[in-house]
Amino acid sequence: MYLCVIKNAEDMENAYKKLLGYILPSDLTEYFDLVDVTDERRGEEMILHLYLDEKEIQPDGRDDLCPNGFYAESCINDFPIRDYRTILHVRRRRWKDAEGKTHSKDWQLVAQGTRHSVEFAAFLKEFLGYVPDYSSFAPETVSHQG
């Protein structure tokens, strides 16, 4: 039997990051910070909302850009966690250069034509033989912005 004792804040942070690495897609844990977690009940369904903000790392290795807020949140369906349907709320950073031109990283967080994470869509395709229309899975993502 293995017993892990968390002794300080740094150990706690490392344990938290390790756990997130098992739960979230790898690109998200490397380039996004988990900033909030909420849950809700809709009838019999339990929904877990994970809110992620892109880390303040300038795109394409640049160092001449200024932060310029975030794009509108994107909602992405991911693997259920326990009995909770999981929705990732992702905010990508927007950057500005000296001329006022906007820059950002180009993330491929969803499978093409869906609002599912790439890994979840691949699982659904293998399990069901197709990827269901996201509106039948998560109606709130139909009005997705961003």
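For the structure given in this document, a descriptive report is provided here. These figures come from a predicted structure and were not determined experimentally.

Here we look at the nonpolar core
Soluble globular proteins: nonpolar side chains tend toward being buried together.
Turning to step 1, where the next piece is worked out: If you look at the biggest cluster of nonpolar residues, it comprises 13 residues, and the most contacted ones within it are L24, L28, F32, L52, L88, V90 and L109.
Turning to step 2, where the next piece is worked out: Sorting elements by how many residues they give to this core places strand 2 (residues 45-54) first, with 3 residues.
Turning to step 3, where the next piece is worked out: Beyond its immediate stretch of four places on either side in the chain, L52 contacts L24, L28, F32, D33, L34, V35, L88, H89, V90 and R91.

Some remarks on the pairing of strand 6 (residues 93-96)
The two faces of the sheet receive side chains in turn, since in a regular strand these alternate between them.
Turning to step 1, where the next piece is worked out: With burial as the criterion, only one face of strand 6 is covered, namely that bearing R93 and W95; the residues R94 and K96 on the opposite face remain uncovered.
Turning to step 2, where the next piece is worked out: In the sheet, strand 3 (residues 66-70) pairs with strand 6 via 3 bridges, with the strands oriented antiparallel. Counted as the bridge partner of F70 is R93 from strand 6.
Turning to step 3, where the next piece is worked out: Note that strand 6 and strand 7 (residues 102-103) share 2 bridges and pair antiparallel. Pairing of W95 across the sheet is with H103, part of strand 7.
Turning to step 4, where the next piece is worked out: Two successive antiparallel strands, strand 6 and strand 7, enclose a turn made up of 5 residues, where G100 displays a positive phi of approximately 90°.

Quick notes on the sheet that holds strand 4 (residues 74-81)
Turning to step 1, where the next piece is worked out: Across the sheet, 4 strands lie side by side as 1-2-5-4; this open sheet has mixed pairing. Of all strands in the sheet, those bounded by a partner on one side alone are strand 1 (32-42) and strand 4. Sheet twist, expressed as the mean angle between neighbouring strand axes with direction ignored, is 25°.
Turning to step 2, where the next piece is worked out: Examined bridge by bridge, strand 1 and strand 2 share 10 bridges and lie antiparallel to one another. By the bridge assignment for strand 2, T38 is matched with H49.

What about a nonpolar patch on the surface?
Turning to step 1, where the next piece is worked out: Taken together, the side chains of F79, F123, F127, L128 and Y130 define a hydrophobic patch exposed on the protein surface, amounting to about 530 Å² of accessible area.
Turning to step 2, where the next piece is worked out: Here the nonpolar patch gets 3 residues from one element, more than from any other, and that element is helix 3 (residues 118-128).
Turning to step 3, where the next piece is worked out: Following the sequence through the fold, F123 ends up in helix 3.

Let's talk about the sheet that holds strand 6
Turning to step 1, where the next piece is worked out: Ordered by their spatial adjacency, 3 strands build an open sheet running 3-6-7, and the pairing between neighbours is antiparallel. Edge positions in the sheet fall to strand 3 and strand 7, since each of these pairs with one other strand and no more.

Considerations on the layout of surface pockets
Turning to step 1, where the next piece is worked out: Considered as a void within the structure, the second largest pocket measures approximately 160 Å³ in volume.
Turning to step 2, where the next piece is worked out: E13, Y16, K17, L20, L24, L28, T29, F32, D33, L34, L52 and K55 are the residues that line the second largest pocket.
Turning to step 3, where the next piece is worked out: For the lining of the second largest pocket, the elements supplying multiple residues, two or more each, are helix 1 (9-23), helix 2 (26-31) and strand 1.

Definitions and limits used
- Residues numbered from 1 in each chain as written.
- Predicted model: local features only at pLDDT ≥ 70, side-chain atom pairs only at ≥ 80, totals over all residues.
- Heavy atoms only, no water.
- Core = buried A, V, L, I, M, F, W, Y, C linked by side-chain atoms within 4.5 Å.
- Buried < 20%, exposed > 50% of the residue type's maximum accessible area, 1.4 Å probe, protein only.
- Helix = DSSP H or I, 4+ residues; strand = E, 2+ residues; numbered from the N terminus.
- Contact = heavy atoms within 4.5 Å.
- Pairing = 2+ DSSP bridges.
- Axes fitted to C-alpha atoms, helices over the stretch in contact; angles between N-to-C directions.
- Patch = residues over 30% accessible without salt bridge, like charges linked within 9 Å, V, L, I, M, F, W, Y side chains within 5 Å.
- Areas by Shrake-Rupley, 256 points an atom, 1.4 Å probe, with all protein chains shown as cover.
- Salt bridge = Lys/Arg side-chain N within 4 Å of Asp/Glu carboxyl O.
- 1 Å grid on protein atoms, 1.4 Å probe; cavity = no way out; pocket = protein on both sides within 12 Å on 5 of 7 lines; lining within 4 Å.
- Points joined across faces, edges and corners; volume = space filled by probe spheres on them.

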